[in-house]
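# An overview of the molecular structure
Each chain is listed here by its residues.
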Amino acid sequence: MWLKNKLKCSLSFSFIFILFFSNGFAESNEKILVIGGTGRVGSEIVKVLYDDYKDITVLSRSDSNRSRLKDLNIKYLKGNVLLEEDMKQVFSDVSYDVVINAIAKVGESQNPHAIGQLNLSKWSKINGIKHFILIGSVGAGLNPEHTMWRDILIAKGEAEQSLINSGLNYTIIKTGIIIYDDTSATNKAFLSDNIDVVGKVTRKDLALLTVNCILKDSCTNRILNAMDGSLGITSN
């Protein structure tokens, strides 16, 4: 019952977002850089961006997953967020307006979250970024409850704190369980200020929510939680 009440409060808050976003996107000339833009979440964000933003650049560690973005007229950069020299080069060449960080740890690769975000925060600040959006995780922090994902959640917590302390205008969109298959958007997902509930959200809905937050005062310097009541919740 307590959990249902928390979700009900979140729904009340989110209704404002749904009304606000229902007007759709205005065509924009902002320069957008998507970190991890060929990944499972990042690629969905790029697809949504492509409808209304003309200048999109994708940064990834390799070009192996560019097929997810086939036929899109976008720019590609290859670089490693763990290497500060790579990030210095990325942000020295072009002035961006918005950065979206959707990187993920893949397989046995080094955890990119804490050090990667530190490098991104530093060079985004130097670059004069107007808005930085980070896809985070529910439960991220120094003492995560979910021991199976302990190392990742600690690193993600450090990444979130790095962004908060950077002086950048930021939005952290936390997620509980992302449905990674090709499930269609339900168009029922919402952003809540209740960051403790572990909800579910499709990749496509998460992408829509993320793009809808770009340069919006209602999202600026806030930590929000993406969830979809129609898909259920698991725990707090």
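Below: a short report on this structure. (Residues numbered from 1 in each chain as written. Predicted model: local features only at pLDDT ≥ 70, side-chain atom pairs only at ≥ 80, totals over all residues. Heavy atoms only, no water.)

### Here's the deal with the pairing of strand β9 (residues 198-202)
Here is the rule we go by: Residue burial is assigned from relative accessible area. The probe radius is 1.4 Å, only protein chains are included, and a residue is buried under 20% of its type maximum, exposed over 50%, and partly exposed in between. Secondary structure elements follow DSSP: runs of H or I no shorter than four residues count as helices, runs of E no shorter than two count as strands, and numbering proceeds from the N terminus. Two strands qualify as a pair provided DSSP detects at least 2 bridges between them.
Where burial is concerned, most of β9 is hidden: four out of the five residues are buried. Direction of pairing for strand β7 (residues 177-179) relative to β9: parallel, over a ladder of three bridges. In the strand pairing of β9, I179 is matched with T202.

### As for the sheet that holds strand β3 (residues 75-78)
Under the convention used in this document: In this analysis an axis means a line fitted to C-alpha atoms, helices contributing only their contacting stretch, and an angle means the value between N-to-C directions, from 0 to 180 degrees. We call two residues in contact whenever any of their non-hydrogen atoms come within 4.5 Å of each other.
Pairing within the open sheet is mixed, and its eight strands lie in the order β3-β2-β1-β4-β5-β6-β10-β8. Pairing within the sheet leaves two strands with one partner each, and these edge strands are β3 and β8 (190-192). Across this sheet, the average inter-strand angle for adjacent strands is 25 degrees, counted without regard to direction. Inspection of the sheet shows strand β1 (residues 28-35) paired to strand β2 (residues 53-60) by six bridges, in the parallel sense. Of the residues in β2, the one forming a bridge with L33 is T57. In this fold helix α2 (residues 42-50) packs onto β1, β2, β4 (98-101) and β5 (131-137), with an angle of close to 165 degrees to the strand it touches most, β2. Against the sheet, helix α4 (residues 113-127) makes contact with β1, β4 and β5, and its axis sits at roughly 165 degrees relative to β5, the strand it touches most.

### A look at the nonpolar core
Heads up, the rule is: Among buried residues, those of type Ala, Val, Leu, Ile, Met, Phe, Trp, Tyr and Cys that are joined through side-chain atoms within 4.5 Å constitute a nonpolar core.
Among the nonpolar cores identified, the biggest contains 31 residues, and I32, I45, L49, I100, L206 and I214 are the most heavily contacted of them. Counting only elements with at least two residues in this core, the list comes to β1, α2, β2, β4, β5, α6 (203-212) and β10 (222-227). The contacts of I32, once residues within four sequence positions are left out, are L49, Y53, D55, I56, T57, Y96, V98, I100 and I214. Residues M87, V99, I129 and L134 belong to the second largest nonpolar core, which totals 19 residues.

### Examining unusual backbone geometry
Despite not being glycine, D71 has its phi angle at roughly 75 degrees, a positive value. Turning to its location among the elements, D71 is positioned in the loop between β2 and β3. The residue N221 is not glycine, and still its phi comes out positive at about 55 degrees. Tracing the backbone through its elements, the reader meets N221 in the loop between α6 and β10. Residue classification places N221 among the partly exposed residues on the basis of a relative accessible area of 38%.

### Some points on the pattern of salt bridges
Formally: Within this document, salt bridges are pairs made up of a side-chain nitrogen of Lys or Arg and a carboxyl oxygen of Asp or Glu, the two lying within 4 Å of each other.
Following the criterion strictly, the structure yields eight salt bridges and no others. A salt bridge links E44 to K204, with the nearest nitrogen and oxygen atoms 3.4 Å apart. Here E44, found in helix α2, pairs with K204, found in helix α6; they are 160 residues apart in sequence, far enough to count as distant. We note a salt bridge from K174 to E160, for which the minimum N-O separation is 2.8 Å. Of the two residues, K174 sits in strand β6 (residues 170-175) while E160 sits in helix α5 (residues 150-164), which places them 14 residues apart along the sequence. Assigned by exposure class, K174 and E160 land together as buried. Beyond isolated ion pairs, a larger network of salt bridges with shared partners links E44, K47, D182, R203 and K204.

### Quick word on empty space enclosed by the protein
The line we're drawing: Method remark: on a 1 Å grid restricted to protein atoms, a set of points is classed as a cavity if a 1.4 Å probe fits but cannot get out and as a pocket if it is open with protein on both sides within 12 Å along at least five of seven lines; lining residues have an atom within 4 Å of a point. Grid points are joined across faces, edges and corners, and a volume is the space filled by probe spheres set on the points.
Enumeration according to the criterion identifies one cavity of 30 Å³ or more in this entry. For the largest cavity, the calculated volume is near 50 Å³. Lining the largest cavity are N101, A102, I103, H113, L134, I135, G136, K156, A159 and E160. Listed by contribution, the elements that provide at least two residues to the lining of the largest cavity are β5 and α5.

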